[in-house]
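# Geometric and topological summary
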Amino acid sequence: MSAVPAEDGRSRRPGLREQAVAAVGLLDRPLTSYYLVLGCTFMLLALGLTMVLAASNVKQLQVTGSAYTLVQKQAMWMALGVLGMWAASRLPVRTFRTLAYPLLLLSVVALMLVLIPGLSQEANGATRWISFGPVQIQPSEPAKLALVLWGADLLARREKLGQLSEWRPLLVPLLPGAGLLVLLVMLGNDLGTTLVLLTIFLALLWVVGVPGRLFVGVFGLVAMVVSILAVVEPYRLGRITGFLDPEGNKYGTYYQGIQGLYALASGGWFGTGLGEGRAQWGFLPHPETDYIFAIVGEQFGLIGTLVVLSMFGLLAYAGLRIARRVKDPFTRLAAAGATAWLLVQAIVNIGAVIGVFPITGIPLPLVSYGGSALIPTLMALGMLLAFAKREPGARQALAARGPGPVTRALSWLGLARR
């Protein structure tokens with residue numbers, strides 16, 4: 001920060017108060033949300049690609065003969081997802097509203113296909129994937145985006161009609177629609193995704209401003225349903241008992257949790273170094289998916305984990321800032337729903353790794369391996385970028401910035417539109 005003139009004519013460094021005022025001024029700029037979403041997304045993507053390689057190289061070298069098998073697949077999914085994010089960032093709001101109902105219908109059909117023997121694939125007690133030859137799709141991931149768009153459009157219409165003061169227009173058909181998605185996901189034994197879907201449902205109700213008693217009642221119903229679902233299935237009950245008694249189950253149901261904690265503890269402040277961890281040698285099950293945060297902690301230490309937490313914190317701030325500053329009800333609801341989805345999924349994943357939540361098996365957004373989760377997440381972030389462009393003053397700031405890098409590249413090739 002540059003020096004400022006003092007009363008005696010000599011320059012002086014700005015004090016803490018002036019630095020704080022300057023920092024707040026930066027956050028008040030029209031494109032703050034846009035650049036925060038864009039910057040945090042690409043930083044987490046870069047970290048994720050690096051950590052997928054670090055977590056999977058040893059096993060993939062043994063199984064396939066190449067250490068780069070998974071990271072190459074992840075790079076392909078990432079390229080497709082970034083392209084989708086770029087396309088979504090350029091869509092008008094009405095297109096997202098138009099896509100809500102077809103996407104919800106496709107999600108319901110795909111979740112039903114998961115239940116058909118021969119098409120689906122089971123792993124760790126859960127049936128989550130549809131197999132089409134070498135390609136596997138997890139329909140519950142795009143179902144999250146479908147619920148965000150459909151729920152936001154539905155409640156925005158109710159708000160426009162002034163029907164937010166009665167419980168029936170608020171909950172019908174939103175509650176049955178969300179319940180159908182939850183039922184289909186739970187038939188595949190996927191409690192982690194169920195938690196995220198219910199979080200989106202509650203976030204939409206909270207942001208639209210439902211009466212307090214109604215929200216408390218719905219929240220209590222959701223909590224009761226989750227509690228029942230957590231104990232009725234033996235393998236989920238085993239995860240809970242392992243979480244409650246980790247030492248007694250460190251060679252059984254909580255083996256993964258204990259190994260994750262060992263990996264985090266061995267990282268210390270600054271980590272063992274990239275590719276120098278012990279967990280990647282087969283000690284930690286599934287390190288490239290739901291336990292990739294443990295690999296970050298082992299190889300980059302406490303500092304690395306704090307960087308990841310700060311990135312998700314900034315993403316959450318940007319998403320809520322967009323929801324607060326936009327005027328359109330649908331945009332506000334969709335931004336809040338998508339932000340709640342990403343934030344709660346990150347909290348549940350990280351909480352399981354550090355031992356404060358039971359293991360749920362959901363991935364860390366943008367960092368864990370898997371295209372089925374990565375592409376819908378990037379589409380949701382592209383939607384947030386599109387909404388950020390509609391904040392007050394954002395269009396003028398973008399116009400003053402001039403053409404972006406894609407437009408400039410096209411102009412160099414003679415392909416830009418006149």
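Only a predicted model underlies this, so the values are computations on that prediction, with no experimental measurement involved.

### Some remarks on the nonpolar core
The nonpolar side chains of a soluble globular protein tend to be buried, and buried together. In this structure, Phe 330, Leu 364, Leu 381 and Phe 387 are the most contacted members of the largest nonpolar core, which totals 111 residues. Excluding residues that lie within four positions of it along the chain, Phe 330 makes contacts with Val 93, Phe 96, Arg 97, Leu 149, Ala 152, Asp 153, Ala 156 and Phe 387.

### A closer look at the packing of helix 2 (residues 32-63) against helix 3 (residues 69-89)
In the contact formed by helix 2 and helix 3, the axes pass within 8 Å of each other and the chain directions differ by 160°. Between helix 2 and helix 3, the crossing angle belongs to the class labelled roughly antiparallel. For the crossing formed where helix 2 meets helix 3, the hand is right-handed. In this structure, helix 2 contributes Leu 38, Thr 41, Phe 42, Leu 45, Leu 49, Val 52, Leu 53, Ser 56 and Gln 60 to the contact, and helix 3 contributes Thr 69, Leu 70, Val 71, Gln 74, Ala 75, Met 78, Val 82 and Met 85. Each residue belonging to the contact of helix 2 with helix 3 can be placed in one class, and the counts come to twelve nonpolar, five polar and no charged.

### Observations regarding the packing of aromatic side chains
By the definition in use, this model includes five aromatic pairs. For the ring pair Phe 96 and Phe 387, a centre distance of 5.6 Å and an interplane angle of 70° mean the geometry is edge-to-face. With Phe 96 in helix 4 (residues 93-114) and Phe 387 in helix 14 (residues 371-388), this residue pair connects regions lying 291 residues apart in the sequence. Summarising the burial analysis for this pair, Phe 96 and Phe 387 share the class buried. The aromatic ring of Phe 283 is capped on one face by Arg 278, whose charged end is 3.7 Å from the ring centroid.

### A short note on the environment of Ala 373
Tracing the backbone through its elements, the reader meets Ala 373 in helix 14. Once the C-alpha coordinates of Ala 373 and Pro 142 are considered, the two residues, 231 residues apart in sequence, prove to be 7.7 Å apart. Contacts of Ala 373, omitting those with residues within four sequence positions, involve Glu 141 and Pro 363.

### Structural notes on the pattern of salt bridges
Applying the stated criterion across every chain, the model contains six salt bridges. Between Arg 157 and Asp 153 there is a salt bridge, with the nearest N and O atoms lying 2.8 Å from each other. With Arg 157 and Asp 153 both in helix 5 (residues 140-160), this residue pair falls four residues apart, about one helical turn. With relative accessibility at 42%, the residue Arg 157 sits in the partly exposed group. The closest approach of N and O atoms between Arg 325 and Glu 391, which form a salt bridge, is 2.4 Å. Residue Arg 325 is located in helix 12 (residues 292-325), and its partner Glu 391 is located in the loop between helix 14 and helix 15 (394-401); the two are separated by 66 residues in the primary sequence. Overall, the relative accessible area of 18% leaves Arg 325 in the buried class. Residue classification places Glu 391 among the buried residues on the basis of a relative accessible area of 3%. A single network of salt bridges, built from pairs that share partners, joins Arg 97, Asp 153 and Arg 157.

### Remarks on a nonpolar patch on the surface
A cluster of nonpolar side chains, contributed by Leu 221, Met 224, Val 225, Ile 228, Val 231, Val 232 and Leu 237, occupies part of the molecular surface with about 560 Å² of accessible area. When residues of the nonpolar patch are assigned to their parent elements, the largest contribution, six residues, is made by helix 9 (residues 212-232). Along the chain, the position of Met 224 falls in helix 9.

### Looking at helix 9
Spacing of three or four residues puts side chains on the same side of an α-helix, whose turn is 3.6 residues. Compared with an ideal rise of 1.5 Å per residue, which puts 21 residues at 30 Å, helix 9 spans 31 Å between its outermost C-alpha atoms and is within 8% of the ideal. Of all the positions in helix 9, only Leu 214, Phe 215, Val 218, Val 222, Val 226, Leu 229 and Ala 230 are classed as buried. Summarising the axial view, the buried residues of helix 9 lie within an arc of 135°, below the 170-degree limit, and thus occupy one face. Counted as exposed and oriented over 90 degrees from the buried face of helix 9: Arg 213, Val 216 and Val 232. On the buried face of helix 9, the contacting elements are helix 6 (167-171), helix 7 (174-187), helix 8 (191-208) and helix 10 (234-244).

### Some details on the environment of Leu 115
You can see Leu 115 is positioned in the loop between helix 4 and strand 3 (120-123). For the pair Leu 115 and Leu 184, spaced 69 residues apart in sequence, the C-alpha to C-alpha distance is 8.4 Å. The residues touching Leu 115, leaving out its near neighbours within four places in the chain, are Leu 184, Leu 187 and Gly 188.

### Considerations on the packing of helix 13 (residues 329-354) against helix 14
Two quantities define a packed helix pair, namely the angle between the axes and the distance from one axis to the other. For the pair helix 13 and helix 14, interaxial distance at closest approach is 10 Å and the crossing angle is 140°. In this structure, helix 13 meets helix 14 at a crossing whose hand is left-handed. Contact with helix 13, carried on its side by Phe 330, Thr 331, Ala 334, Ala 335, Ala 338, Thr 339, Trp 341 and Leu 342, involves Pro 376, Thr 377, Ala 380, Leu 381, Met 383, Leu 384 and Phe 387 of helix 14 and no other residues of that element. Across the contact of helix 13 with helix 14, the residue classes tally to twelve nonpolar, three polar and no charged.

Rules behind the numbers
Residues numbered from 1 in each chain as written. Predicted model: local features only at pLDDT ≥ 70, side-chain atom pairs only at ≥ 80, totals over all residues. Heavy atoms only, no water. Core = buried A, V, L, I, M, F, W, Y, C linked by side-chain atoms within 4.5 Å. Buried < 20%, exposed > 50% of the residue type's maximum accessible area, 1.4 Å probe, protein only. Contact = heavy atoms within 4.5 Å. Axes fitted to C-alpha atoms, helices over the stretch in contact; angles between N-to-C directions. Helix = DSSP H or I, 4+ residues; strand = E, 2+ residues; numbered from the N terminus. Parallel < 35°, antiparallel > 145°, perpendicular 65-115°, else oblique. Left-handed = near helix turned anticlockwise from the far one by under 90°. Nonpolar A, V, L, I, M, F, W, Y, C, P; charged D, E, K, R; others polar. Phe/Tyr/Trp six-rings, centres within 6.5 Å; stacked < 30°, edge-to-face > 60°. Lys NZ or Arg CZ within 6 Å of the ring centre and 35° of its normal. Salt bridge = Lys/Arg side-chain N within 4 Å of Asp/Glu carboxyl O. Patch = residues over 30% accessible without salt bridge, like charges linked within 9 Å, V, L, I, M, F, W, Y side chains within 5 Å. Areas by Shrake-Rupley, 256 points an atom, 1.4 Å probe, with all protein chains shown as cover. Expected span 1.5 Å × (residues − 1). Arc of directions from axis to C-beta.

So, to be careful, I would describe these as geometric facts and stop short of saying anything about function.
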